[in-house]
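# Fold and geometry: a report
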Amino acid sequence: MSMEARKVHVGAVGLSQLPKKMKRPREEVGSHQLTAFQPTPSRRQHQNARQQLPIWRQKTYVVETVRRHASVVLVGETGSGKSTQVPQFLLDAGFCAGIVEAQGSTPSPIRARKLIACTQPRRVAAITVAGRVAEEMGCALGQAVGYAVRFDDKTGPRTVIKYMTDGVLLREAMTDPLLTRYAVIILDEAHERSLQTDILFGLIRRAQRERKDLRVVVMSATLDVEVFRRFFETGGRKEEKALIKRHGENGKHEKGMLSREGQASTVGVVRIEGRQYGVEVYYCEEAQEDSIDAACLAVLQIHESEPLPGDILVFLSGQEDIEALAELLSESAGTDTSIGKTGLCMEICPLYSALAPEEQAKAFHPPKGPAKSTRKVILATNIAETSVTINGIRHVVDTGWVKVRRYVPSTGLDSLKVTQIARAQAQQRTGRAGREAPGKCYRLFTESAFERLDAVPQPEIQRVNLTQVVLQLLAMGLDDPQHFDYLSPPSATALARAFETLLALGCIAEGGLSPGGNVDGTRIVIPEKDDRQAVEAQADQKPSGPAKSRPVITPHGRRVASLPLDPVYAHFVLRASELGCIFEALTAVSMLSAENVLYMPSPHGGPDAAEQRNRATTAHRALAAYDGDVPTLVHIYERWVAAKKGNRWCWDHFVNARAMKKADEVREQLLLLVRRLGLDPSQSCGNERQIFLRSLAAGLFLNVARRQPATSPALGKYCYKMLANGREAAIHPSSVLHARNPAPQCVVFTEVLTTSRPYIRGVSIVDPADLQELVPQFFGRA
Ligand SMILES: Nc1ncnc2c1ncn2[C@@H]1O[C@H](COP(=O)(O)OP(=O)(O)OP(=O)(O)O)[C@@H](O)[C@H]1O
């Protein structure tokens, strides 16, 4: 639908139209009111606020349950205080040996022996909750309370409460499988069933077999207690059997968690009753055809009829929808003019993961305009769905959609698909209102549609690419990832694909098979579609997966696993090191990790928007490298460094300065890591760009595509056949190689995007002769 068609004229909309169409089935009323955007409260004020939280009344019970049980499942309403309070309760109760200096200013020899970890599936949550708890404890971030997310570690020697993404804890487990640094591990938002959290469940259960002191707390507002209770209880029984076997019936081992009498008590369950503030939930009476139109209407009506404080948080599926709604709202309401009865201004803040951290932070800050007359409208993806508290939010608008990554084993490709949320996610979204005062949630779907939603989201482990996780498990010494302690086992096909990829990259070796797995000795064998389906059906029937003998991690695999990158990119960096251009390869992967490097002004950015966009296009063209998108990224970085990393240069060239800074930080971290591998990160190919292209061929050979006449007119004259799966795609219009004449014969790509048709992005030219020479097991002459 065009933007014009979507335009909503305020005057044409009955102010009460949407609320009338919505019914309110439930109302829960709370009693406390805090003012939004008050200055940073004192510790005493924080202490008072903490005491109002429902979890406060059960502090002793929470602590005792954790003391008495190795594993605890804790369920409590959103906003009841789980994420912020449980780590503090456990710290106060002495779970970390040592004393904490709350102010964190005096240099002292005090050192806590062990830490309390609290994992979050998303970095935004880890960072913001850590900030809140540091405030509550009266210390600076990085002192007693810190956080660690990929490429950003704000912890110090005195940190005792560490908020972290589950991915970071999983990476730590690679070098310390017993997680010896931690006294307690809290797995928050367990209902999300992120890939990393699922693997952590199994690892922690294994670690508990060796470490009787290790406590795990699994938390959420919305989870199936029985599933987790059973999982951790079974772990206890298995563990007991193993210990009895090891020490004999009369062998000594501690009572309690391990004793046979203690079987039933290995898992404690805590239910936190009550919520702090009520949230009224409204549903639409009819299904909405266009969720963006509906969201626009809802926001405008709330804006016109509700007083401040009362910011709005809208949940959408992704960046495109956020941008579309932002434009629609500015067209419909104007963001800087007073409208409606309330006479308030509207300030729109997008919030999605590809946005630079500083941009994301704006959503959490007071509005730029006067607080008394400005309403913030935050347009967010599910990154704001769990654990996050945004000051001032009283209204949540939920479109009911989310974008999920799904790995399609038959194509070997990841695809992002917009799907309906689960009921648990809807509840989490609702919970973002009602954190400082009573709130309202407008669900842009019917109540019966809500009832038909899945109860919980499908575990990520059953829908994503497992290559990295399988390699991590192998690196930890778990030589049989097919029989790991999975809470929900992944499909045999997905595991088989992960092994194939690792074999192809030389990260694992398997008895009797050369690296390449699916190889006939000379080139990739691409099974015909029907054969592929047959192979997959067969693989899915075999619980043990396809491997005939156990795979063994190779020294190369260990090095790949030690870098916090997708194995394909880690492999690329290491191959580049062999070929003499690791310097450029590190730049390339860092730039790839920072999204939206090139800045394109919005078409709705004022009277000179068209001219600005033309200037940006010209500036971007001048930055393009002849050989493709990855060399272009390297070129941009080098120009930026030559310009002393100046913002002025970014401004002049329509480059996103924040994205550059982020890439630079990532690069710094990677430099340290490759040095630890004994590599020299300064080894550069200089002006010999052919060497860099050779490293791209050697590193990304699984992503090779060859030009051929298109079989479908929709793809144009030529298309590119992806060698890994035999599918056809076109070069994405954003690529510097799009419409290149003559079109390159052979390319590697970094991403496949399926919109109206399949596109390859991040495309670079490679020489088929290089592929034959550098990856002979796949591309050698027949
Ligand atoms: N950054 C913040 N600013 C203001 N208040 C906050 C902040 N973080 C937390 N709070 C307050 O603390 C309360 C408890 O937050 P907490 O994140 O611990 O709850 P929770 O039970 O973990 O919720 P959820 O299940 O939604 O993650 C919130 O309802 C809010 O009142």
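The structure reproduced in this document is the subject of the present report.

Basis of the calculations
Residues numbered from 1 in each chain as written. Predicted model: local features only at pLDDT ≥ 70, side-chain atom pairs only at ≥ 80, totals over all residues. Heavy atoms only, no water. Helix = DSSP H or I, 4+ residues; strand = E, 2+ residues; numbered from the N terminus. Buried < 20%, exposed > 50% of the residue type's maximum accessible area, 1.4 Å probe, protein only. Contact = heavy atoms within 4.5 Å. Areas by Shrake-Rupley, 256 points an atom, 1.4 Å probe, with all protein chains shown as cover. Near = heavy atom within 4 Å. Polar contact = N/O pair within 3.5 Å; in protein donor to acceptor, adjacent residues only side chain to side chain. Pairing = 2+ DSSP bridges. Axes fitted to C-alpha atoms, helices over the stretch in contact; angles between N-to-C directions. Parallel < 35°, antiparallel > 145°, perpendicular 65-115°, else oblique. Nonpolar A, V, L, I, M, F, W, Y, C, P; charged D, E, K, R; others polar. Phe/Tyr/Trp six-rings, centres within 6.5 Å; stacked < 30°, edge-to-face > 60°. Lys NZ or Arg CZ within 6 Å of the ring centre and 35° of its normal.

A word on the overall build of the protein. Broken down by element type, the protein carries 27 helices and 26 strands. Across the 782 residues in the protein, those meeting the buried criterion constitute 55%. Taking the contacts inside the protein whose residues are at least 6 apart along the sequence as the reference set, 75% of them involve residues at least 24 apart. For the protein, the exposed surface amounts to about 33900 Å²; the carbon and sulfur share of it is 50%.

Near the ligand, the surroundings consist of 17 residues, among which Lys82, Ser83, Thr84, Arg432 and Arg435 are the closest. The contact in question runs from an oxygen atom of the ligand to an N or O atom on the side chain of serine 83, over 2.6 Å. Protein contact buries 92% of the 630 Å² of open area that the ligand shows by itself. Broken down by element, the residue count for the shell around the ligand peaks at 3 residues, all from helix H5 (residues 82–92).

A separate point is the sheet that holds strand S5 (residues 152–154). In spatial order, the strands read S5-S4-S6-S3-S7-S8-S2-S9; together these 8 strands make up an open sheet with mixed pairing. Edge strands, defined here as strands with exactly one partner in the open sheet, are S5 and strand S9 (267–272). Averaged over neighbouring strand pairs, the angle between their axes works out to 20 degrees when direction is ignored. Where strand S2 (residues 71–76) lies against S9, 6 bridges are found, and the strand directions are parallel. From the neighbouring strand, valine 72 faces S9, where its bridge partner is glycine 268. In the packing of helix H4 (residues 59–68) onto the sheet, the strands contacted are S2, strand S8 (215–220) and S9, and the crossing angle to S9 comes to about 165 degrees. On top of the sheet, helix H6 (residues 123–137) reaches strand S3 (115–120), strand S4 (145–149), S5 and strand S6 (161–165); it is set at about 170 degrees to S4, its chief contact.

Looking at the secondary structure, you find threonine 554 in the loop between strand S19 (552–553) and helix H18 (555–562). The exposure class assigned to threonine 554 is buried, which follows from its relative accessible area of 14%. Between the C-alpha atoms of threonine 554 and proline 309, which are 245 residues apart in sequence, the distance is 59 Å.

With that out of the way, let us pick up the environment of isoleucine 127. Mapped onto the fold, isoleucine 127 is located in helix H6. By relative accessible area, isoleucine 127 is classed as partly exposed at 26%. Through-space distance from the C-alpha of isoleucine 127 to that of valine 388 is 9.6 Å; in sequence the pair is 261 residues apart. Residue contacts for isoleucine 127: discarding those within four places in its chain leaves Tyr147 and Val149.

A few words now on the sheet that holds strand S21 (residues 718–722). Read from one edge of the open sheet, 7 strands run S24-S25-S22-S21-S20-S23-S26, paired in mixed fashion. Strands with a single pairing partner mark the edges of an open sheet, and in this sheet they are strand S24 (751–754) and strand S26 (764–765). In this structure, strand S23 (residues 746–748) lies alongside S26, joined through 2 bridges in antiparallel fashion. Looking at the pairing, valine 748 lines up with serine 764 of S26.

For the pair helix H22 (residues 629–642) and helix H24 (residues 657–676), interaxial distance at closest approach is 11 Å and the crossing angle is 95 degrees. In terms of axis orientation, H22 runs roughly perpendicular to H24. Contact with H22, carried on its side by Ile636, Tyr637 and Trp640, involves Met660, Lys661, Asp664 and Arg667 of H24 and no other residues of that element. Along the lines of polarity and charge, the residues of the contact of H22 with H24 split into 4 nonpolar, no polar and 3 charged.

Taken as a whole, this structure holds 14 aromatic pairs when the rule is applied. For the ring pair tryptophan 56 and phenylalanine 89, a centre distance of 5.8 Å and an interplane angle of 70 degrees mean the geometry is edge-to-face. Taken together, the residues span a long stretch of sequence, with tryptophan 56 in the loop between helix H3 (43–52) and H4 and phenylalanine 89 in helix H5 at a distance of 33 residues. Exposure class is identical for tryptophan 56 and phenylalanine 89. Each is buried. An angle of 55 degrees between the planes, with centres 5.8 Å apart, marks the rings of tyrosine 283 and phenylalanine 450 as tilted. Of this pair, tyrosine 283 sits in strand S10 (residues 279–284) while phenylalanine 450 sits in helix H14 (residues 447–452), placing them 167 residues apart in sequence. Accessibility expressed as a relative area gives 0% for tyrosine 283, which makes it buried. Positioned over the ring face of phenylalanine 450 is arginine 443, at 4.6 Å from the centre of the ring. Above the face of the tyrosine 626 ring, arginine 740 is positioned so that its terminal group lies 4.3 Å from the ring centre.

Along the chain, threonine 632 falls in helix H22. With relative accessibility at 7%, the residue threonine 632 sits in the buried group. Filtering out sequence-adjacent residues up to four positions away, threonine 632 remains in contact with Leu623, Ala624, Ala625 and Val736.

Purely geometric stuff here, so don't read any function into it on its own.
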